[in-house]
Amino acid sequence: MKSLRLIIPSLILLFAIQSVAIAQSTNITETFKKHFNETVQQVHQTDDADEKRMILNESFSKMIVAIDRIESMTDLTEDESAQLSSFRSDISEKQNELNGLDGFDEILDEDLDDFSNFSQDFMEQANRTITIGATTLLLIIIILLLL
């Protein structure tokens, strides 16, 4: 009976620790995908091409700023830092394509809806998983909301 009293709390503690460990890691790309999905919806609801371009530019800029702040405020592993850097460069490339920078032709006004869909598909199909702690995820969400 004594051993049963020791085993049951030990198992509960083990499962609690396991649950906390799993809950502490999250996928940052899912947060950015959700953010950009909202951006695409805003682009499709807007009729003005200049406003569509501004919405897309702001969204790309917010994601880049969020990544920069995460890197400066948190202690990331070398692998996480490299993944974030790659993600930032992909977002910058999309922003440059939107604005016709770095050798890209500027996206025409009538193609902005298609470009937003293409960019969303690019993010959805990105074959990367950047896992970070829950605290860092909260930081990302706060940064995206405040910008």
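Residues numbered from 1 in each chain as written. Predicted model: local features only at pLDDT ≥ 70, side-chain atom pairs only at ≥ 80, totals over all residues. Heavy atoms only, no water.

### Considerations on the overall build of the protein chain
Counting its secondary structure elements, the protein chain contains 6 helices and 2 strands. Out of the 147 residues in the protein chain, the part that is buried amounts to 35%. A separation of at least 24 residues holds for 74% of the contacts in the protein chain among residues at least 6 apart in sequence. Carbon together with sulfur atoms contributes 54% to the accessible area of the protein chain, which is approximately 9200 Å² in total. (Helix = DSSP H or I, 4+ residues; strand = E, 2+ residues; numbered from the N terminus. Buried < 20%, exposed > 50% of the residue type's maximum accessible area, 1.4 Å probe, protein only. Contact = heavy atoms within 4.5 Å. Areas by Shrake-Rupley, 256 points an atom, 1.4 Å probe, with all protein chains shown as cover.)

### Observations regarding the packing of aromatic side chains
Summed over all chains, the structure comprises 2 aromatic pairs. Centre to centre, the rings of Phe-36 and Phe-60 are 5.4 Å apart; their planes meet at 20 degrees, and the pair counts as stacked. Highlighted residues: Phe-36 in helix H2 (residues 28-45) and Phe-60 in helix H3 (residues 49-73), separated in sequence by 24 residues. Of the residues examined, Phe-60 reaches a relative accessible area of 0% and is grouped as buried. Look at Phe-60 and Phe-115: their rings are 6.5 Å apart centre to centre, the planes differ by 75 degrees, and that puts the pair in the edge-to-face class. (Phe/Tyr/Trp six-rings, centres within 6.5 Å; stacked < 30°, edge-to-face > 60°.)

### Some remarks on the pattern of salt bridges
Throughout the structure, instances matching the rule amount to 5 salt bridges. Between Asp-113 and Lys-52 there is a salt bridge, and its shortest N-O distance comes to 2.9 Å. Placement of the pair is Asp-113 in helix H5 (residues 112-125) and Lys-52 in helix H3, with a sequence separation of 61 residues. A relative accessible area of 22% places Asp-113 in the partly exposed class. Among the salt bridges present, the one from Arg-88 reaches Asp-68, with a minimum N-O distance of 2.6 Å. In this pair, Arg-88 sits in helix H4 (residues 78-99) while Asp-68 sits in helix H3, placing the two residues 20 residues apart along the sequence. Given the relative accessible area of 18%, Arg-88 is considered buried. Of the residues examined, Asp-68 reaches a relative accessible area of 33% and is grouped as partly exposed. Taken together, the shared-partner salt bridges in this structure form one network comprising Arg-53, Glu-106 and Asp-109. (Salt bridge = Lys/Arg side-chain N within 4 Å of Asp/Glu carboxyl O.)

### Some points on unusual backbone geometry
At Asp-102, a residue that is not glycine, the phi angle is positive and equals roughly 55 degrees. Taking the relative accessible area as the measure of exposure, Asp-102 reaches 65% and is therefore exposed.

### Things to note about the confidence of the model for the protein chain
For residues with low pLDDT, the predicted coordinates do not support detailed interpretation. On average, residues of the protein chain score 76 in pLDDT, and 65% of them are at 70 or above. The secondary-structure element of the protein chain with the lowest mean pLDDT is strand S1 (residues 25-27), recorded at 52, while H3 shows the highest, at 88. The low-confidence segment residues 19-25, where pLDDT is below 50, has 6 contacts with residues more than four positions distant or belonging to other chains. (pLDDT = per-residue confidence, 0-100.)

### Some details on H4
For H4, which comprises 22 residues, the first-to-last C-alpha distance of 31 Å matches the rise-based estimate of 32 Å (1.5 Å per residue) to within 8%. Three or more residues of H4 are buried, namely Glu-80, Leu-84, Phe-87, Arg-88, Asp-90, Ile-91, Lys-94, Gln-95, Asn-96, Glu-97 and Leu-98. One or two residues past the end of H4 sits Gly-100, with phi positive at roughly 75 degrees. (Expected span 1.5 Å × (residues − 1).)

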